[in-house]
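Inside the fold
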Amino acid sequence: GQTIDGRIATVTGQSKYINGPAGLLHLHRLRAVVDAVIVGVGTVIADDPQLTVRMVNGPHPARVVIDPNQRLVSKQKIFNDDGVRRVVITKQGNTYSAADGIEILYLPTDQDGKLSPALILQSLAAIGLNRILVEGGADTVSRFMHAGCLDRLHVIVAPIIMGSGRASFCLPAI
């Protein structure tokens, strides 16, 4: 979800419900039909999302967070033990300390020290998570897009202009 001028948050990081009830309903419908929803660590720290299905009937997807530098603690809502799979993806060499029941996937980094979106998807498929919703934030979605790892892009545009703030995509120059 973004504004007409491509913003997903204010300069202070405020981002709650830019797209209103219809956008939230669409997001919950998407969550209800996927195996897992992915967000980056920045989204978890900024928004503390639940990543559950609440506005429609359907199963909750597995909650996956990409946290290469071990910035999270077990207090975030995505780690709530509600019977849904919880997965943290981090880089090899880390010794991630997570609460019981949280699966940790240790992946090698590329030459830039980043986790490969393609390898993330392969690793999730290896544990039975095939239909993936890359929900956010801007850096995570942009990395998956740049790597050619998105089949569809759902962009909901709110009819407002924010003027400044966090851009919805962070892509390299053409």
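Right, let's walk through the structure included here. Every residue gets a number counted from 1 within its own chain, in the order that chain's sequence is written. For this predicted model, a pLDDT threshold of at least 70 governs which residues receive local features, and a threshold of 80 or more governs which side-chain atom pairs are given and counted, while totals over whole chains, interfaces and linings are taken from all residues. Based on all heavy atoms of the structure, the side-chain values leave hydrogens and waters out of the count.

A look at unusual backbone geometry
For clarity, the threshold we go by: Elements are defined by DSSP. Helices are runs of H or I of four residues or more, strands are runs of E of two residues or more, and each kind is numbered from the N terminus.
Following G136, the chain continues to G137 via a peptide bond in cis, the omega torsion being 0°. Take G137: it is sitting in the loop between β7 (132–136) and α4 (138–146). Positive phi, normally seen in glycine, also occurs at D48, with a value near 45°. Residue placement: D48 occurs in the loop between α2 (41–47) and β4 (62–66). Even without glycine at this site, L51 takes up a positive phi of about 60°.

Let's talk about the sheet that holds strand β5 (residues 86–91)
Filter applied, for reference: Strands are labelled as partners when DSSP assigns at least two bridges between them. Each axis is a line fitted through C-alpha atoms, taken for helices only over the stretch in contact, and angles between the N-to-C directions span 0 to 180 degrees.
One open sheet accounts for 5 strands, arranged β6-β5-β4-β3-β7; its pairing is parallel. Among the strands making up the open sheet, the edge pair consists of β6 (102–107) and β7. When strand polarity is set aside, the average angle formed by the axes of neighbouring strands in this sheet is 25°. As judged from the 5 bridges shared by strand β3 (residues 36–40) and β4, these two strands associate in the parallel manner.

Section: the pairing of β5
Counted only if it meets this: Whether a residue is buried, partly exposed or exposed follows from its accessible area with a 1.4 Å probe, protein chains only, as a fraction of its type maximum: under 20%, in between, or over 50%, in that order.
In terms of burial, β5 is a largely internal element, 5 of the 6 residues being buried. Relative to β5, β4 runs parallel, the two being bridged by 4 bridges. Bridge pairing in β5 links V64 to V87. Relative to β6, β5 runs parallel, the two sharing 6 bridges. Among the inter-strand pairings, R86 is bridged to a residue of β6, identified as I102.

As for helix α3 (residues 117–126)
Which entries qualify depends on this criterion: Directions from the helix axis toward the C-beta atoms define the arc. Throughout, a contact is declared for two residues whenever any of their heavy atoms are within 4.5 Å.
Those residues of α3 not exposed but buried are P117, I120, S123 and L124. Taken around the axis of α3, the buried residues stretch over an arc of 125°, which confines them to a single face. The exposed set on the far side of α3, more than 90 degrees from its buried face, consists of Q122 and A126. Residues of α3 that are buried make contact with β3, β4, β5, β6, β7 and α4. Positioned one or two residues after α3, G128 has a phi angle of 90°, which is positive.

Some details on the side chain of S142
Under the convention used in this document: Two N or O atoms form a polar contact when they lie within 3.5 Å of each other; inside protein one atom must be a possible hydrogen donor and the other a possible acceptor, and for residues adjacent in sequence the pair counts only when both atoms belong to side chains.
Checked against the element boundaries, S142 lands in helix α4. For S142, a relative accessible area of 1% puts it in the buried group. At 2.7 Å, the side chain of S142 forms a polar contact with the backbone oxygen of A138. With residues up to four places along the chain from it excluded, the contact list for S142 reads S168, F169, C170 and L171.

Points about the environment of E135
Within the fold, E135 resides in strand β7. With a relative accessible area of 25%, E135 lands in the partly exposed category. Distance in space between the C-alpha atoms of E135 and D100 is 25 Å, their sequence separation being 35 residues. For E135, the contacting residues outside a window of four places in its chain are L27, R31, V37, I38, V39, L51 and V141.

Details of the side chain of R31
Its location among the elements puts R31 in helix α1 (residues 20–32). Given a relative accessible area of 5%, R31 falls into the buried group. A polar atom in the side chain of R31 sits 2.7 Å from the side chain of E135. Discounting chain neighbours no more than four positions away, the residues touching R31 are L51, T52, V53, R54, P59, P61, L133 and E135.

A short note on the environment of G148
If you trace the backbone, G148 turns up in the loop between α4 and β8 (157–158). In this structure, the C-alpha to C-alpha distance between G148 and P117, residues 31 residues apart in sequence, is 8.8 Å.

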